[in-house]
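Here is what each chain is made of, one letter per residue.
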Amino acid sequence: MSSNNIYKPKLTELEAYQIALNEIQRLKAENELMRNHIKSAETECYVQLGALRVSLEQADKDGDILRAEIEQLKAENEKLKESDKELKEEIKYILSNCQPISVLSTEEKLHWVTCSINMWSKLK
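Everything quoted here is computed from the prediction, not taken from an experiment.

A. Structural detail: the overall build of the protein. Counting its regular elements, the protein contains two helices and zero strands. Expressed as a percentage of its 124 residues, the buried residues of the protein come to 4%. With the model as given, the accessible surface of the protein reaches about 11700 Å², and the carbon-plus-sulfur share is 61%.

B. Structural detail: the pattern of salt bridges. Inspection of the entire model under this criterion finds eight salt bridges. A salt bridge links E23 to R26, with the nearest nitrogen and oxygen atoms 2.4 Å apart. You can see E23 and its partner R26 sitting in helix α1 (residues 13-96), three residues apart, about one turn around the helix. Across the pair K74 and E71 runs a salt bridge whose closest N-O atoms are separated by 3.7 Å. Here K74 and its partner E71 are both found in helix α1, three residues apart, which amounts to about one turn of the helix. The exposure class of E71 is partly exposed, given its relative accessible area of 49%. A network of salt bridges, in which partner residues are shared, links E23, R26 and E30.

C. Expanded view of the packing of α1 against helix α2 (residues 106-123). Their axes nearest at 11 Å, the elements α1 and α2 cross at an angle of 160°. With respect to α2, the axis of α1 lies roughly antiparallel. Crossing handedness for the pair α1 and α2: left-handed. Taken together, the residues of α2 that come into contact with α1 (itself represented by L87, E90, I91 and I94) are W112, C115, M119, K122 and L123. Classifying every residue of the contact of α1 with α2 gives seven nonpolar, no polar and two charged.

What counts, and where the lines are drawn
Residues numbered from 1 in each chain as written. Predicted model: local features only at pLDDT ≥ 70, side-chain atom pairs only at ≥ 80, totals over all residues. Heavy atoms only, no water. Helix = DSSP H or I, 4+ residues; strand = E, 2+ residues; numbered from the N terminus. Buried < 20%, exposed > 50% of the residue type's maximum accessible area, 1.4 Å probe, protein only. Areas by Shrake-Rupley, 256 points an atom, 1.4 Å probe, with all protein chains shown as cover. Salt bridge = Lys/Arg side-chain N within 4 Å of Asp/Glu carboxyl O. Axes fitted to C-alpha atoms, helices over the stretch in contact; angles between N-to-C directions. Parallel < 35°, antiparallel > 145°, perpendicular 65-115°, else oblique. Left-handed = near helix turned anticlockwise from the far one by under 90°. Contact = heavy atoms within 4.5 Å. Nonpolar A, V, L, I, M, F, W, Y, C, P; charged D, E, K, R; others polar.

Below, the structure is given as structure tokens:
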């Protein structure tokens, strides 16, 4: 024999089957481990999806509440605009009928003070 030819014993058929069987068992174990990881990840996804669904439902409810509040505020704003118009008309009327205070009678002065008090109470 030459030094380049190293003797390599041939595997027996039984040894070859045993090696193949060991490799198959190792691959099955890896496969089972991967399946478990996938199932775990899938379960986590479903949990997160459920939590997200609950969050979205709550956000939808919160949105409904906010929309209702906005509508209520719009209605209140319209009432305030109307009240503001009425007050402006009253102020115009009062100013158009004003006379210097020195020429008013006591009764007219009292009426003017009462109107002023009423106007200020509406403004509050």
